[in-house]
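Topology and contacts: notes
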Amino acid sequence: MKALVIGYGSIGQRHARLLNELGCKTAVISKRQIDYSPLYSEIKDGLAGHQPEYVVIANATGEHEGAFAELANLGYKGIVLVEKPLFQCLQETKPNEFLQTYVAYNLRFHPVIQRLKTLLDGQEIISVQAYAGQYLPDWRSQRDYRQSYSADKEQGGGVLRDLSHELDYLIWLLGGWKRLAAQGGHFSPLEINSEDIIALIMETLRCPAVSLQLNYLDRMTRRCIVVNTAKHTIEADLVGGTINLDCSIEKFNIEKDVTYRQMHQSVLEDSRDNLCSFKEGIEVMRLIEAVEISIEQKRWVEK
């Protein structure tokens, strides 16, 4: 299969490398002069010259919608994978002839999330507490964090979108959200204009009490979930690679690229069980919009 990656930042480089490793002849779209071949500067040239069957949109969040619309306007008919979140803001999309559209919520393929999903099957879930934090200046060691799109609200930066993995896997595991209340903003000394903390509580179809904090501040990178069911307490640590079920610990080997590789393999094999569909990606955008409304209007928001 021929693949085309739009954007060649850190995430675009990872997608291109993994797709090549998986046997896809992969071209890249980038306006920068980079050491990569085949290389195109425009999407239309990449489609015409490379004729891809699989396109990955991996440019800045604020540019996702433009690339998506351009592919549709050019009559592309293959598979599209959009880096998370789907778009910067919830909006109507133009009709397209894409074979399939997915959103790159690769943490669904994390072995800890997979194990947690199995453990929650058939369980009465009473409460869930999730947390994701990482110090923004440490994210991209070779680049000044103040120059990254994460630092700029206009480019789609901020923890609500950057760390929307948590929003996706919570509604994936717990059913769609019903109502929520949130607080957040730019509270730290970080030199950014995007939000660095979001805290929310919500009710989902499977759980009456869900809480979540996202931040750019945690100098000890954390990504964890604590679940209380009617029968068990489960602590899932995605960074440490452990599941603690009632004080019995299960350890997983976490290879750096495993979630991305399995996501791409699922796309290439048309195995959709764990992939985030376009419809599910829109649901995450609706949740993001509701969080922002709750913060702005200081009230509960119902779906």
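The notes below deal with the structure included here. (Residues numbered from 1 in each chain as written. Predicted model: local features only at pLDDT ≥ 70, side-chain atom pairs only at ≥ 80, totals over all residues. Heavy atoms only, no water.)

1. Focus on the overall build of the protein
Within the protein, the secondary structure is distributed over eight helices and 16 strands. Each principal axis of the C-alpha distribution contributes one length, and for the protein these read about 55 × 40 × 40 Å. Scored against the burial criterion, the 303 residues of the protein give a buried share of 52%. Put simply, of all contacts in the protein between residues at least 6 apart along the chain, 65% involve residues at least 24 apart. Accessible surface, the protein as shown: approximately 14100 Å² in total, 46% of it carbon and sulfur. The distance from the centre of the 34 positive side-chain charges to the centre of the 40 negative ones in the protein is 1 Å. (Helix = DSSP H or I, 4+ residues; strand = E, 2+ residues; numbered from the N terminus. Buried < 20%, exposed > 50% of the residue type's maximum accessible area, 1.4 Å probe, protein only. Contact = heavy atoms within 4.5 Å. Areas by Shrake-Rupley, 256 points an atom, 1.4 Å probe, with all protein chains shown as cover. Lys, Arg positive; Asp, Glu negative; His and termini not counted. Charge placed at Lys NZ, Arg CZ, Asp CG, Glu CD.)

2. A short note on the nonpolar core
Within the largest apolar cluster, 75 residues are counted, with the highest numbers of intra-cluster contacts made by Leu71, Leu116, Val128, Leu170, Ile225 and Val291. Ranked by residues supplied to this core, first place goes to helix H8 (residues 278-297) with eight residues. Each residue touching isoleucine 225, except ones within four places of it in the same chain, is listed here: Ile113, Leu116, Val128, Gln129, Ala130, Tyr169, Ile234, Glu235, Ala236 and Leu238. Core analysis: the second largest hydrophobic core is formed by 22 residues, Tyr8, Leu81, Tyr102 and Phe109 among them. (Core = buried A, V, L, I, M, F, W, Y, C linked by side-chain atoms within 4.5 Å.)

3. Thoughts on the sheet that holds strand S8 (residues 177-185)
If you walk across this open sheet you meet the nine strands as S14-S13-S12-S11-S7-S10-S9-S8-S16, and the pairing is mixed. Two strands bound the open sheet, and with one partner strand each, they are strand S14 (248-251) and strand S16 (301-302). Summarising the sheet, strand S9 (residues 197-204) and strand S10 (residues 209-215) pair through six bridges and their orientation is antiparallel. Counterpart to methionine 202 in the pairing with S10 is valine 210. Packing of H8 onto the sheet brings it into contact with S8, S9 and S16, and relative to S8 it is tilted by some 55 degrees. (Pairing = 2+ DSSP bridges. Axes fitted to C-alpha atoms, helices over the stretch in contact; angles between N-to-C directions.)

4. As for helix H4 (residues 111-120)
All of the buried residues in H4 are Val112, Ile113, Leu116, Leu119 and Leu120. Down the axis, H4 shows its buried residues gathered within 120 degrees of arc, on one side only. Following H4 by one or two positions, glycine 122 has its phi on the positive side, about 80 degrees. (Arc of directions from axis to C-beta.)

5. What to know about the pattern of salt bridges
Under the definition given, this model contains 23 salt bridges. In this structure, aspartate 257 engages arginine 17 in a salt bridge whose closest nitrogen and oxygen atoms are separated by 2.9 Å. Of the two residues, aspartate 257 is situated in the loop between S14 and helix H7 (258-268) and arginine 17 in helix H1 (residues 10-21); the sequence distance between them amounts to 240 residues. Since its relative accessible area comes to 35%, arginine 17 is described here as partly exposed. Across the pair glutamate 280 and arginine 108 runs a salt bridge whose closest N-O atoms are separated by 3.3 Å. On the criterion of sequence distance, the pair formed by glutamate 280 in helix H8 and arginine 108 in the loop between strand S6 (100-104) and H4 is long-range, its members being 172 residues apart. (Salt bridge = Lys/Arg side-chain N within 4 Å of Asp/Glu carboxyl O.)

6. A look at the side chain of histidine 110
By the element assignment, histidine 110 lies in the loop between S6 and H4. In this structure histidine 110 comes out as buried when scored by relative accessible area, which is 5%. Setting aside anything within four residues of it in sequence, one finds histidine 110 in contact with Leu238, Ile254 and Thr259.

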